[in-house]
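The primary structure of each chain is shown beneath.
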Amino acid sequence: MSNYITKRTQDVTNTRNRVHKIILFLKNFRGPHSIHNIRAKTRVDLQKAENLAVKTALQSNEKVTVMGTTFQYRPCISGINNRAQLQSYIQQRSQGVKLKELEDAYGTSKIDLARW
């Protein structure tokens, strides 16, 4: 029985690692990506039966938008694409905004916030 638990635990860990790897790829390279592009860049084939749990986890993940066979990263704050929009968003919220959410808004938002 302990071998079963160890194998099962390892399978869950492998699934989590693959999901994390794909989400990082989607975050770093914003925009829609096909299953084929994800396989080429991360070496995780979402069409294989062994990665069904990975595909299911991505489909239910709040950070990923799924449109057919394409996956796209979903930031905490959508609709912000540049520094001017970021500044406007911050100024409209007098109660404040979490820094982590601002850094996640678009690809270079962390750099723009550091310069500000």
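Residues numbered from 1 in each chain as written. Predicted model: local features only at pLDDT ≥ 70, side-chain atom pairs only at ≥ 80, totals over all residues. Heavy atoms only, no water.

Considerations on the overall build of the protein chain
Heads up, the rule is: We count a stretch as a helix when DSSP gives it H or I for four or more residues in a row; a strand needs E for two or more, and each element gets its number in order from the N terminus. The globule rule is 2.2 Å times the number of residues to the power 0.38, and the radius of gyration it is compared with is taken over C-alpha atoms. Three exposure classes are used, based on accessible area relative to the maximum for each residue type with a 1.4 Å probe and protein chains only: buried under 20%, partly exposed in between, and exposed over 50%. A contact between two residues is defined here by any heavy atoms of the two lying within 4.5 Å. In this count, Lys and Arg are taken as positive residues and Asp and Glu as negative ones, while His and the chain termini are left out. To locate a charge, take atom NZ for lysine, CZ for arginine, CG for aspartate or CD for glutamate.
For the protein chain, the count of helices and strands is 6 helices and 3 strands. Traced from its N-terminal end to its C-terminal end, the protein chain shows the element sequence α-β-α-α-β-β-α-α-α. Relative to the 2.2 N^0.38 estimate, which gives 13 Å for 116 residues, the radius of gyration of the protein chain is 17 Å and therefore markedly larger than a compact globule would have. The proportion of buried residues among the 116 residues of the protein chain is 28%. Contacts spanning at least 24 positions in sequence make up 48% of the contacts within the protein chain whose residues lie at least 6 apart. The averaged location of the 8 negative side-chain charges in the protein chain is 2 Å from the averaged location of its 20 positive side-chain charges.

A look at the sheet that holds strand 2 (residues 64–67)
Filter applied, for reference: Pairing between two strands requires that DSSP report at least two bridges joining them.
Strand order across the open sheet formed by 3 strands is 1-3-2, with antiparallel pairing between neighbours. Sheet topology places strand 1 (33–34) and strand 2 at the edges, where each strand pairs with a single neighbour. Inspection of the sheet shows strand 1 paired to strand 3 (residues 70–73) by 2 bridges, in the antiparallel sense. Among the inter-strand pairings, Ser34 is bridged to a residue of strand 3, identified as Thr70.

Regarding the layout of surface pockets
Spelled out, the test is: Definitions used throughout: a 1 Å grid over protein atoms alone; a cavity as a set of points that fits a 1.4 Å probe which cannot get out; a pocket as an open set with protein on both sides within 12 Å along at least five of seven lines; a lining residue as one with an atom within 4 Å of a point. Grid points are joined across faces, edges and corners, and a volume is the space filled by probe spheres set on the points. Just so you know the grouping, Ala, Val, Leu, Ile, Met, Phe, Trp, Tyr, Cys and Pro go in nonpolar, Asp, Glu, Lys and Arg go in charged, and all remaining residues, Gly too, go in polar.
If you add up the space inside the largest pocket, you get close to 330 Å³. For the lining of the largest pocket, the per-class residue count stands at 4 nonpolar, 2 polar and 9 charged.

With respect to the environment of Lys21
If you trace the backbone, Lys21 turns up in helix 1 (residues 2–28). Relative accessible area serves as the criterion here: at 42%, Lys21 is assigned to the partly exposed category. Taking the C-alpha atoms as reference, Lys21 lies 15 Å from Ser34; in sequence the two are 13 residues apart. In this structure Lys21 touches Thr42 and Val44, once residues within four positions along its chain are discounted.

Examining the pairing of strand 3
Of the two faces of strand 3, only the one carrying Phe71 and Tyr73 is buried; Thr70 and Gln72 on the other face are not. Alignment of strand 2 against strand 3, held across 4 bridges, turns out to be antiparallel. Note on strand 3: the bridge partner recorded for Thr65 is Gln72.

A word on the packing of aromatic side chains
Quick reminder of the rule: Side-chain rings of Phe, Tyr and Trp (the six-membered ring for Trp) are treated as a pair once their centres are within 6.5 Å; stacked means planes under 30 degrees apart, edge-to-face means over 60, and tilted covers the remaining angles. Geometrically, a charge over a ring is one whose NZ (Lys) or CZ (Arg) sits within 6 Å of the ring centre while staying within 35 degrees of the ring normal.
Under the definition given, this model contains 1 aromatic pair. A cation sits over an aromatic face here: Arg93 above Tyr89, 3.7 Å from the ring centre.

A short note on the nonpolar core
Counted only if it meets this: Here, nonpolar core means buried Ala, Val, Leu, Ile, Met, Phe, Trp, Tyr and Cys residues that are tied together by side-chain atoms lying within 4.5 Å of each other.
Residues Ile22, Leu26, Ile38, Leu46, Val54, Leu58 and Phe71 are the most contacted members of the largest nonpolar core, which totals 14 residues. Listing elements by their share of this core, those giving two or more residues are helix 1, helix 2 (35–42), helix 3 (52–60) and strand 3. With 5 residues, the single largest contributor to this core is helix 1. Apart from residues lying up to four places away in sequence, Ile22 is in contact with Ile38, Thr42, Val44, Leu46, Val54 and Leu58. Formed by 8 residues, the second largest nonpolar core is a distinct cluster that contains Ile77, Leu86, Ala105 and Leu113.

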